[in-house]
Amino acid sequence: MSQTSDLIQSAQRTIRLEVEAVQGLLPHIDADFVRACEMILASKGRVVVVGMGKSGHIGNKIAATLASTGTPAFFVHPAEASHGDMGMITRDDVILALSNSGSTNEIVTLLPLIKRLGIQLISVTGNPQSPLAKAAEVNLNVHVEHEACPLNLAPTSSTTAALVMGDALAVALLEARGFTAEDFAFSHPGGALGRRLLLKVENVMHAGQELPQVQRGTLLKDALMEMTRKGLGMTVILEADGKLAGIFTDGDLRRTLDRSIDIHSATIDQVMTVHGKTARAEMLAAEALKIMEDHRINALVVVDEDDRPIGAFNLSDLLRAGVM
């Protein structure tokens, strides 16, 4: 029981210390932070993030966050930079160097070359008086009083602070650039979020010969044959002028059978849902899904600006497209 208590207390202490470290960043979001943002926004190149050890892992994540939110960025290992990878960096780039001590040998070794090439340097350190901080055009101070490690040795609070500073930088730049949800989706085309933000109704709907449709007055049995042929579990019913009159689905069929209606003699007009909910081709598929969820329906008719059906789709189509 005491071991369980000790484990919980240790975890809670760690979280409290890291929360304090993050809160300690607030006074450091100042003129230096603004200058760092302005340097990146004015740059014609990319943000090249460097860092060793745990700072390198944090740097990798910061570079990935920047790149996915509108700021071209990539990570370069500083030791590899000394052995050829420095050639990946151009004079138009901005280097974002992470080192809690500000005196990491592998990074300090690069400083003369960075200066010689005239590359702008932003440092993220816990020591504003360090060689790295002094060499940088601007230093982002991520000093923490204590590591969460009880030995005050393992990078814990300091790496959390650096990570949060990187997120603050990325989000500030995102907002300054007017980066939109659609822009974000283009950076994530393979993910679920990208599909939700990019996929439109026109990309999932069945159109042309694949659209099940019958005219008003059609016998219910003939409408059922059209549903069977097209395999969408529904059919569109058209007015004489081609506009949408209604929709008939598998659910409507079950309700029809409960009413003991003769499917051989009844017309589609007697059993259809009049007009029904619709979508537009240019609408996001995710918006259409919300309509279906809100109204508890399994299919939607797609209409044009004159309310003429041009397509239809069901939940299975959205499922196959990865929208849900």
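The structure presented is a predicted model; accordingly, all values stated were derived computationally and were not measured.

(A) Focus on the UniProt feature "domain: CBS" (unreviewed entry) in the chain. UniProt tags residues 205-263 and 272-324 as "domain: CBS" (unreviewed entry). Overall, residues 205-263 shows 34% helix and 24% strand. The separation of its end C-alpha atoms is 28 Å.

(B) Representation of helix H15 (residues 285-295) in the model. Three or more residues of H15 are buried, namely Ala285, Ala286, Ala288, Leu289 and Met292. The arc that holds the buried residues of H15, viewed along the axis, is 155 degrees, so those residues lie on one side.

(C) Representation of the sheet that holds strand E1 (residues 47-51) within the structure. Within the open sheet, the five strands sit side by side as E2-E1-E3-E4-E5. Their pairing is parallel. Edge strands, defined here as strands with exactly one partner in the open sheet, are strand E2 (73-75) and strand E5 (138-141). On average, each strand axis in the sheet is inclined to that of its neighbour by 20 degrees, with strand direction left out of account. Across five bridges, E1 lies against strand E3 (residues 94-98) in parallel orientation. By the bridge assignment, Val50 is partnered in E3 with Ala97.

(D) Structural detail: the pairing of E1. Of all five residues that make up E1, five are buried, and the element is covered over most of its length. Alternating residues of E1 divide into Val47, Val49 and Gly51 and Val48 and Val50, and every residue in both groups is buried. Handedness of the crossover is the feature at issue here: the chain leaves E1, passes through helix H3 (residues 53-68), returns alongside E2, and the resulting connection is right-handed.

(E) Examining the sheet that holds strand E8 (residues 244-249) more closely. Pairing is mixed in the open sheet, where four strands are placed in the order E6-E7-E8-E9. Looking at the sheet topology across the chains shown, the edges are occupied by strand E6 (213-215) and strand E9 (273-274). With two bridges joining them, E8 and E9 adopt antiparallel strand pairing. Bridged to Ile247 within E9 is Thr273.

(F) Representation of the nonpolar core. Counting 30 residues, the largest nonpolar core has Val49, Leu66, Leu96, Leu98, Ile122 and Leu169 as the members making the most contacts within it. Elements represented by at least two residues in this core include exactly helix H2 (31-42), E1, H3, E2, E3, strand E4 (120-125), E5 and helix H8 (157-177). No other element matches H8, which puts six residues into this core. Beyond its immediate sequence surroundings of up to four residues, Leu98 is in contact with Val49, Val50, Gly51, Met52, Ser55, Ile58, Gly59, Ile62, Ile107, Val124 and Ala162. Val48, Leu110, Leu111 and Ile114 belong to the second-largest nonpolar core, a separate cluster that totals 18 residues.

(G) Fine view of the packing of H2 against H8. Two elements in contact, H2 and H8, have axes whose closest approach is 10 Å; the angle formed by their N-to-C orientations is 55 degrees. Judged by the angle between their axes, H2 and H8 are oblique. Here H2 runs over H8; the crossing is right-handed. Of H8, the residues touching H2 (which contributes Phe33, Ala36, Cys37, Ile40 and Leu41) are Met165, Ala168, Leu169, Ala172, Leu173, Ala176 and Arg177. Classifying every residue of the contact of H2 with H8 by side-chain character gives eleven nonpolar, no polar and one charged.

Thresholds, definitions, all that
Residues numbered from 1 in each chain as written. Predicted model: local features only at pLDDT ≥ 70, side-chain atom pairs only at ≥ 80, totals over all residues. Heavy atoms only, no water. UniProt positions renumbered as here; feature names shortened; annotations may be inferred. Helix = DSSP H or I, 4+ residues; strand = E, 2+ residues; numbered from the N terminus. Buried < 20%, exposed > 50% of the residue type's maximum accessible area, 1.4 Å probe, protein only. Arc of directions from axis to C-beta. Pairing = 2+ DSSP bridges. Axes fitted to C-alpha atoms, helices over the stretch in contact; angles between N-to-C directions. Right-handed = clockwise from strand over helix to strand, strands pointing away. Core = buried A, V, L, I, M, F, W, Y, C linked by side-chain atoms within 4.5 Å. Contact = heavy atoms within 4.5 Å. Parallel < 35°, antiparallel > 145°, perpendicular 65-115°, else oblique. Left-handed = near helix turned anticlockwise from the far one by under 90°. Nonpolar A, V, L, I, M, F, W, Y, C, P; charged D, E, K, R; others polar.

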